[in-house]
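Each chain is listed here by its residues.
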Amino acid sequence: MSRKIITIFSFFVLLSFDLQAEDGHDLWLRGKGTNSVNVICSKKSPTLSIAMQELRQGWQGKTNEKIELVVKSDKAIKGDGFRIGKNRIQANTDIGILYGVYELMRRQQTGENIYEEVCNPSYERRILNHWDNLDGTIERGYAGSSIFWRKGKDSLTVTYTDKQLWQEYARANASIGINGSVLNNVNASPAILTADYLKKTKEIADVLRPYGIRTYLSVNFASPQVIGGLKTSDPLNSEVAQWWKNKVKEIYSLIPDFGGFLVKANSEGQPGPQDFGRTHADGANMLADALSPFGGMVMWRAFVYNPSDEDRAKQAYSEFMPLDGQFRDNVIIQVKNGPIDFQPREPFSPLFGAMKKTSVMPELQITQEYLGQSVHLVYLATMWEEFLKSDTYQEGKGSTVACCTDGSLFPQKHTAIAGVSNIGSDVNWCGHPFAQSNWYAFGRLAWNNSLSSEQIADEWIKLTFSDNSGESEIDVENSIYSPDWQVNFLQPVKQMMLNSREAAVNYMMPLGLHHIFAADHHYGPGPWWAPTGVRKDWTPPYYHKADSIGIGFDRTATGSNAVSQYQEPLQSMFSNSQTCPDIYLLWFHHLPWNFIMKDGQTLWDELCYHYDKGVRQVREFQKTWDQVQRYVDSERFSQVQTKLREQCMNAQVWKDACLLYFRQFSKMPFPNDMERPVNNLEDLIKKDEQSRKIK
Ligand code: GCV
């Protein structure tokens, strides 16, 4: 029987039998080899053994084909990059070979062309930040508990099962090019630097190493006092500096390839150099000096803001710009994508491209703290693509955030990108089957920051949902998926993913609104929440500023003047309500309810239509998903179906809560053709208060 006939036959078999249930644990690495392969490699190492094993167990090329793995330097290949061809992978490093193997296998499975090509990474360091606490909880984690730490007397033991899970974790990361893991929360317990925890860190590092993953730790700036018994943690005190040097030496004696420290200092109650009258540069440089003899890095976060009169969106820039050029070479400033805090949409942080004499790295949030957590289907690559392609204009047109951070525009000593992980102990790692796509997309963009969100979604769907082990959908000879599968599954699911972030923006906070979440949990709406005694910059009215005149935060020269932190022509474009893009309108402007938008609608009507559209978009996602049922195993199908139902109810609550609340100020009617709210504002407020009491 020819392959094509088998494919068609299998397709009908597929229609009549349920696909095998899948728990999602295998992520995008479900492909099984169908053919044998002859792998030749003259060098030996643990990493190369993994590369050979991966090829043998996953080969989907022609049977008995020969493939050569060659570790040999080549000027065209940078860092851990590789040269890929049908029968040969060449790299400067062993890990480069492993990356090449994963690339080759991905292409075999997705039917992408394989021709001779050099693939180099956009960033030297591609890092996951785990906000895992040492008691096993995860700050902003929605997929179970930590895979590294746990509570109680067993917290420091390491079992065979632990090691197996860490290995699976490492493999998944390596398959998408991630090469670093920060193992603990940025709100760091000083205990992480005690001997027992360092011993456990070494055990983790030993498992991650063959997969090319370096281990990093978040550190608490007050550690010299808390665990070292010193009277101060002043970075300019010689005893303090010596304490850190000794600690770093101890770490490297256990973990020779240790990556370095991540530091949250003088932010949200964390200690830092300013507690001793010193600057962020003083603090970062002291740690950098301790790490530098061993090749370690300091990733110093710019997420700083205080309850002052200055607009929160301006504070990181005000704090860090004057320090540009004062940091050691092995310090890199880690900046969140937007100036506030991982909102569904923010303009890029003005620090990107502005700090020209300092290495700067983007921090993205993979875990969906503000995007429906593990309930809402929101594919984040579209947001990250928008961010990376944002033009800062810092060196003229085309100075995108990507170029400003990957070393192509400024001679950054180091380049890096971080993503706050969405991984936990849940069997499918991420809680929502589609949240896996965000982990995947982060890795792919960190490797190649010019990839499109569409291409990444395409790859991910093929790897995650096709039944390629049974040849039922792939014509192996031509590596092409059946037209039916492409038209009726791949296309609609991809479209749903690509629309999902904009849908969330629509039903949560359209037109540049931001941070109108219910307090603490950041899940549902809470535009009303402003109890007395709470920091103003932690309450939604600080951000939406709705009143009888209008809505939005005036960040033009008549307001906080945050626009002045952007380069021209952005400054002028954002300042003028006629030229400011609609997506950022209420981020930069406080506008009257009857302000006329570019499409001729009033601002109030436009707001209503956006909320309404968001709800309708999720209803469409439900229909799309129901229509693809026959292509998905029942376990994952019903999981997603149930979550979409909840997302739809949540979207309705978002719309009703925000519109009913804002209408108290606008006093304008809902547009005639808009679906009416189905909830009462008083009930929604009461429910929100009750949920806080239960907590
Ligand atoms: C780890 C936000 C989150 C906090 C987080 C903080 C940060 O404020 O809500 O949970 O703390 O960002 O990035 O440091």
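Presented here is a report on the structure given in the accompanying data block. All of these numbers come straight from a predicted model, not from anything done at the bench.

A few points about the overall build of the chain
Phase 1: When its secondary structure is counted, the chain shows 20 helices and 17 strands.
Phase 2: Its C-alpha atoms give the chain principal-axis dimensions of about 75 × 70 × 55 Å.
Phase 3: When burial is assessed residue by residue, the chain has 60% of its 695 residues classed as buried.
Phase 4: Sequence-distant contacts in the chain: of pairs separated by 6 or more residues, those separated by 24 or more amount to 71%.
Phase 5: Carbon and sulfur atoms form 51% of the exposed surface of the chain, whose accessible area is close to 26,400 Å².
Phase 6: Where the 73 positive side-chain charges of the chain centre and where its 80 negative ones centre are 3 Å apart.

Describing the packing of helix H10 (residues 381-388) against helix H12 (residues 436-447)
Phase 1: Interhelical geometry of H10 versus H12 gives an angle of 25 degrees and a closest axis separation of 10 Å. The angle between H10 and H12 places the two elements in the roughly parallel class. Here Ala 381, Trp 384 and Leu 388 of H10 lie close against H12, whose contacting residues are Asn 438, Ala 441, Phe 442 and Leu 445.

Considering the side chain of Ser 560
Phase 1: Relative to the assigned elements, Ser 560 resides in the loop between strand S16 (550-551) and helix H16 (570-575).
Phase 2: Note on Ser 560: relative accessible area 17%, which makes it buried.

Re the sheet that holds strand S1 (residues 37-41)
The strands making up a sheet are joined through hydrogen bonds of the backbone, oriented either antiparallel or parallel.
Phase 1: As summarised here, the arrangement of the five strands in space is S1-S2-S4-S3-S5, forming an open sheet in which the pairing is mixed. Edge positions in the sheet fall to S1 and strand S5 (117-119), since each of these pairs with one other strand and no more. In this sheet, neighbouring strand axes are inclined to one another by 20 degrees on average, regardless of whether the strands run parallel or antiparallel.
Phase 2: Where strand S3 (residues 82-84) and strand S4 (residues 88-91) come together, three bridges link them in antiparallel fashion. Each residue of the ladder has a partner; that of Phe 82, found in S4, is Ala 91.

With respect to helix H7 (residues 238-254)
Since the α-helix advances by 3.6 residues per turn, residues separated by three or four positions end up pointing in the same direction.
Phase 1: With 17 residues, H7 extends 25 Å from end C-alpha to end C-alpha; this agrees with the ideal 24 Å at 1.5 Å per step.
Phase 2: The set of residues buried in H7 consists of Val 240, Trp 243, Trp 244, Lys 247, Val 248, Ile 251 and Tyr 252. Seen end-on, H7 carries its buried residues on one side only, within an arc spanning 165 degrees. Of the exposed residues in H7, the ones pointing more than 90 degrees away from its buried face are Ser 238, Glu 239, Lys 249 and Ser 253.
Phase 3: Looking at the buried positions of H7, the neighbouring elements they touch are helix H5 (195-208), strand S8 (214-219), helix H6 (223-226), strand S9 (260-263) and helix H8 (280-291).

A closer look at the pairing of strand S12 (residues 359-365)
Phase 1: In terms of residue burial, S12 counts as a mostly covered element, since seven of its seven residues are buried.
Phase 2: Burial along S12 is two-sided: the residues Ser 359, Met 361, Glu 363 and Gln 365 and Val 360, Pro 362 and Leu 364 are all buried.
Phase 3: Where strand S11 (residues 331-336) and S12 come together, five bridges link them in parallel fashion. Across the sheet, residue Val 335 finds its bridge partner in S12, namely Pro 362.
Phase 4: Inspection of the sheet shows S12 paired to strand S13 (residues 416-420) by three bridges, in the parallel sense. Paired with Gln 365 across the two strands is Val 420, which belongs to S13.

Re unusual backbone geometry
Phase 1: Geometrically, the link from Glu 568 to Pro 569 is a cis peptide bond, its omega value of 5 degrees lying close to zero.
Phase 2: With respect to the helices and strands, Pro 569 occurs in the loop between S16 and H16.
Phase 3: Even without being a glycine, Asp 520 presents a positive backbone phi close to 70 degrees.
Phase 4: Within the secondary structure layout, Asp 520 lies in the loop between helix H14 (483-508) and helix H15 (540-544).
Phase 5: Here His 522, not a glycine, exhibits a phi torsion of approximately 60 degrees, which is positive.
Phase 6: Along the chain, His 522 falls in the loop between H14 and H15.

As for the site of the ligand
Phase 1: Taken together, 15 residues lie around the ligand, and Glu 139, Lys 264, Arg 301, Lys 336 and Glu 369 are the ones closest in.
Phase 2: The separation between an oxygen atom of the ligand and a polar side-chain atom of Arg 140 is 2.9 Å.
Phase 3: At 3.2 Å, a side-chain N or O of Asp 341 approaches an oxygen atom of the ligand.
Phase 4: Look at the ligand: alone it shows 340 Å² of surface, and the protein chains cover 96% of it.
Phase 5: Partitioned by chemical class, the residues of the shell around the ligand number four nonpolar, three polar and eight charged.

Regarding the packing of aromatic side chains
Phase 1: According to the stated counting rule, one finds 43 aromatic pairs in the structure shown.
Phase 2: Ring geometry for Tyr 481 versus Trp 485: centroids 4.9 Å apart, planes at 25 degrees, classification stacked.
Phase 3: Between Tyr 566 and Phe 574 the ring centres are 5.4 Å apart and the planes differ by 85 degrees, which places this aromatic pair in the edge-to-face class.
Phase 4: Taking relative accessible area as the criterion, Tyr 566 reaches 5% and is therefore assigned buried.
Phase 5: Its guanidinium or amino end placed over the ring of Tyr 305, Arg 312 lies 3.7 Å from that ring's centre, counting from NZ or CZ.

A word on the sheet that holds S13
Phase 1: In spatial order, the strands read S6-S7-S8-S9-S10-S11-S12-S13; together these eight strands close into a barrel with parallel pairing. Between one strand axis and the next, the sheet turns by 25 degrees as a mean value, whatever way the strands run.
Phase 2: Against the sheet, H5 makes contact with strand S7 (180-182) and S8, and its axis sits at roughly 150 degrees relative to S8, the strand it touches most.
Phase 3: Relative to the sheet, H12 contacts strand S6 (125-129), S12 and S13, its axis offset from that of S6 by approximately 155 degrees.

Things to note about the nonpolar core
Phase 1: Among the nonpolar cores identified, the biggest contains 210 residues, and Leu 69, Phe 261, Trp 300, Trp 439, Trp 625 and Phe 662 are the most heavily contacted of them.
Phase 2: It is helix H19 (residues 634-666) that provides the largest number of residues to this core, a total of 12 residues.
Phase 3: Once you skip the residues sitting within four places of it in the chain, Phe 662 turns out to touch Leu 513, Ile 516, Pro 527, His 544, Ala 546, Ile 551, Trp 593, Trp 604, Leu 607 and Tyr 611.

Basis of the calculations
- Residue positions within a chain follow its written sequence, with the count starting from 1.
- Per-residue local features are limited, in this predicted model, to residues with pLDDT of at least 70; the limit for side-chain atom pairs, both in listing and counting, is 80 or more; totals at the level of whole chains, interfaces and linings are taken over all residues.
- Hydrogens are left out, water is left out, and the side-chain values use all remaining heavy atoms of the structure.
- Helix and strand assignments follow DSSP, with helices taken as H or I runs no shorter than four residues and strands as E runs no shorter than two, numbered in order from the N terminus.
- Here the term buried applies to any residue with accessible area under 20% of the maximum for its type, exposed to any over 50%, and partly exposed to those in between, with areas from a 1.4 Å probe on protein chains only.
- In what follows, residue pairs with any heavy atoms lying within 4.5 Å of each other are defined as contacts.
- Computed with the Shrake-Rupley method and a 1.4 Å probe, the accessible areas treat only the protein chains shown as cover for residues.
- This count recognises Lys and Arg as positive and Asp and Glu as negative, with His and chain-terminal groups excluded.
- In this description, the location of a charge corresponds to atom NZ of lysine, CZ of arginine, CG of aspartate or CD of glutamate.
- Each axis is a line fitted through C-alpha atoms, taken for helices only over the stretch in contact, and angles between the N-to-C directions span 0 to 180 degrees.
- Roughly parallel refers to an angle under 35 degrees, roughly antiparallel to one over 145, roughly perpendicular to one between 65 and 115, and oblique to any angle outside these ranges.
- Two strands qualify as a pair provided that DSSP identifies no fewer than 2 bridges between them.
- An expected span of 1.5 Å times one less than the residue number is assigned to each helix.
- For this quantity, the arc is that covered by the directions from the helix axis to the C-beta atoms.
- The cutoff for a nearby residue is simple: one of its non-hydrogen atoms must lie within 4 Å of the molecule or strand.
- Polar contacts here mean pairs of N or O atoms no more than 3.5 Å apart (in protein, one a potential hydrogen donor and the other a potential acceptor; neighbouring residues in sequence count only if both atoms are side-chain atoms).
- Residues were grouped as follows: Ala, Val, Leu, Ile, Met, Phe, Trp, Tyr, Cys and Pro as nonpolar; Asp, Glu, Lys and Arg as charged; and all remaining residues, including Gly, as polar.
- Under the pairing criterion, centres of Phe, Tyr and Trp rings, with the six-membered ring standing for Trp, must be within 6.5 Å; the plane angle then separates stacked pairs below 30 degrees from edge-to-face pairs above 60, leaving the rest tilted.
- Here, over-ring charges are defined by two tests on the NZ atom of lysine or the CZ atom of arginine: distance to the ring centre within 6 Å, and angle to the ring normal within 35 degrees.
- Definition used in this section: a nonpolar core is a set of buried Ala, Val, Leu, Ile, Met, Phe, Trp, Tyr and Cys residues joined via side-chain atoms within 4.5 Å.

Note that every value here comes from positions in space, so none of it alone points to a role or purpose.
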